Structure formats: structure tokens, C-alpha cells
Amino acid sequence: MLQSTLFIALGLAGWIACGDPGSPLPNPDDELGCHVELAPSATAYRSAADFGAAEPNSLHGWEPNGSWFIRGLGPNAAAILRFTRFPASPAGVFSFGATLGDYDQTVAFVQYQNDDGRAHHAIRISNRRSDGTLRYDSASCTGNDCRVCRGRLHTATWMPNESESHNLVKVGELAEPLQGAQNVRLLGNYAYVANGFGIRIVDVQDPSHPVTVGTWNAGGSVNDLRLVQAASRVFALVPFTP
């Protein structure tokens with residue numbers, strides 16, 4: 001079971017021009033939650049700067065890798081975010097599912113569109129605090145409307161006395177972005193992976209060196225599949241959401 005680390009929110013001290021001169025100015029990092037706004041332009045949230053200023057160099061030494069809990073989006077909101085930084089990836093590049101993003105010492109940024117191109121999504125990570133938490137900004141724009149959110153990222157860790165695996169040994173890894181392995185079916189020497197966008201077929205005859213041998217884009221969200229073998233052919237039955 002994963003748990004999130006505890007953090008203490010730190011405010012920025014300052015003066016308000018109107019009102020109690022001893023009241024602190026709000027820290028933008030603490031103004032968490034989601035709202036809907038009109039897109040300020042046709043290219044809104046296509047760059048990290050569209051989310052406002054970020055604290056310079058606060059991501060120095062940080063790598064976009066692992067799982068993170070998103071806190072502060074709302075009373076009923078619960079989400080987890082996963083980034084992957086493969087050893088063979090170019091410098092400054094990471095994977096968010098099947099999408100590549102870029103990062104430097106100040107921000108990590110990724111943007112992508114739905115398969116039908118009707119919605120644009122963007123995520124920015126910045127402003128790392130001394131407790132290891134980070135600022136999370138996201139925007140999902142459809143037409144002229146954008147749902148914009150701000151939260152805090154807390155690293156996902158294991159409960160005490162638990163480890164990543166128990167009585168299991170990793171023998172191989174497919175170092176490719178899969179948009180998450182939603183479900184896996186194994187038949188013969190091949191694994192059929194429902195990966196969010198469609199199906200990825202992986203040759204696992206040598207478990208230490210799995211190789212992708214085929215892909216299919218369903219044009220929608222895929223989270224399951226069933227296999228049917230008839231004569232010498234294998235058919236995959238795929239439910240998906242357009």
C-alpha cells in the first residue's frame with residue numbers, strides 16, 4: 001500500500017495594502033483547487049509559462065521519475081501521477097504515459113491531445129519545497145473552456161515493513177512508454193497489453209529481453225481485452241471508449 005509523505009505548508013510573509021498591515025500575503029502555491037475559465041487565447045497552455053512564474057532552479061537535482069499523489073484539487077478528488085525517466089532517454093526528456101515531456105532545473109512540462117484532437121491537456125511541475133513536495137499545475141481545454149487546477153505533489157512511498165515486491169524477482173523490463181498497462185493477456189510467447197490507446201503485442205519468449213512486435217491504435221481509451229484463438233489466428237476483443 002502506498003502512502004504520501006506529510007508536509008507543512010509555508011506561507012510568504014508580506015503586507016497587504018488595504019486591511020490589517022500584519023496580515024501575510026497569500027502564497028500562490030497554497031491557492032489550490034480547480035476552476036473553469038475562458039481560454040485566454042487559441043494557444044492557451046501550450047507552454048509552461050502560461051501557468052505563471054515558477055521559482056528558478058527549485059528543481060535542481062530532481063528527476064521526473066516515480067509515482068506522486070496529487071493533493072488539494074478538491075474534497076472528493078484523488079489522483080496519482082507517474083513519470084518515467086528511462087536511462088537511455090535524451091537529457092531533459094521524460095515520459096508521461098505515451099507522451100514525451102521536457103524538464104530543466106525550473107520546470108517539467110508535458111502537453112498532449114485526445115486522439116480526436118478535440119481537447120488539449122498540459123501539466124507543469126515546479127516550485128519544489130524543502131520537504132520534497134512540488135507544485136502541480138494542469139489545464140484541460142476544449143473549445144473556449146479550460147479547466148485549470150493547482151495542487152501539491154507528494155511522493156508515493158511504501159508503508160513501513162513493506163517493499164516493492166515480495167517473493168518476486170524482476171527478470172526483464174520493456175523500457176518503452178505504454179500509457180500505462182491497463183491489462184495484460186498472455187498467449188503462447190506473446191503478451192497482449194491494453195495500454196490506454198490500444199494494444200501493444202510483446203514477444204516474451206525471452207523474458208529477460210521482451211520486444212514489441214506490433215501495435216494498434218484503437219482511436220479511444222482501452223483498459224481491457226480478451227483473446228480468442230481460432231485455427232492459426234488470434235483475435236483480440238477490445239472494449240473502448242471513443
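The rules behind the values
- Residues numbered from 1 in each chain as written.
- Predicted model: local features only at pLDDT ≥ 70, side-chain atom pairs only at ≥ 80, totals over all residues.
- Heavy atoms only, no water.
- Helix = DSSP H or I, 4+ residues; strand = E, 2+ residues; numbered from the N terminus.
- Buried < 20%, exposed > 50% of the residue type's maximum accessible area, 1.4 Å probe, protein only.
- Contact = heavy atoms within 4.5 Å.
- Areas by Shrake-Rupley, 256 points an atom, 1.4 Å probe, with all protein chains shown as cover.
- Phe/Tyr/Trp six-rings, centres within 6.5 Å; stacked < 30°, edge-to-face > 60°.
- pLDDT = per-residue confidence, 0-100.

S.K.: What should I look at first to understand the overall build of the protein in this one?
M.R.: Assigned secondary structure in the protein consists of zero helices and 17 strands. Counting the 242 residues in the protein, one finds 32% classified as buried. The long-range fraction of contacts in the protein, counting pairs at least 24 apart against all pairs at least 6 apart in sequence, stands at 46%. Carbon together with sulfur atoms contributes 55% to the accessible area of the protein, which is approximately 14500 Å² in total.

S.K.: Please clarify how the environment of Phe-69 should be interpreted in this entry.
M.R.: Mapped onto the secondary structure, Phe-69 falls in strand S3 (residues 66–71). Take Phe-69: its relative accessible area is 16%, and that puts it in the buried class.

S.K.: Any chance you could explain the packing of aromatic side chains here in plain terms?
M.R.: Where two aromatic rings form a pair, the distance of their centres and the angle of their planes describe that pair. Under the definition given, this model contains six aromatic pairs. An angle of 65° between the planes, with centres 6.2 Å apart, marks the rings of Phe-94 and Tyr-103 as edge-to-face. An identical accessibility class is assigned to Phe-94 and Tyr-103; each is buried. Here Phe-96 and Tyr-112 contribute two aromatic rings whose centre-to-centre distance is 5.9 Å and whose plane-to-plane angle is 45°, an arrangement assigned as tilted.

S.K.: Any chance you could explain the confidence of the model for the protein here in plain terms?
M.R.: A low pLDDT means the predicted coordinates there should not be read in detail. When the pLDDT values of the protein are averaged, the result is 80; 80% of them are 70 or greater. Contacts of residues 1–24 to residues separated by more than four positions or lying in other chains number 51 contacts, the stretch itself having pLDDT below 50.

S.K.: What's the story with the environment of Phe-109 in this structure? I'm lost.
M.R.: Note on placement: Phe-109 falls in strand S7 (residues 108–113). Linking Phe-109 and Ile-125, residues 16 residues apart in sequence, is a C-alpha distance of 6.5 Å. In this structure, Phe-109 is in contact with Tyr-45, Arg-46, Ser-47, Ala-48, Phe-51, Phe-94, Gly-101, Asp-102, Ala-122, Ile-123 and Arg-124, ignoring residues within four places of it in sequence.

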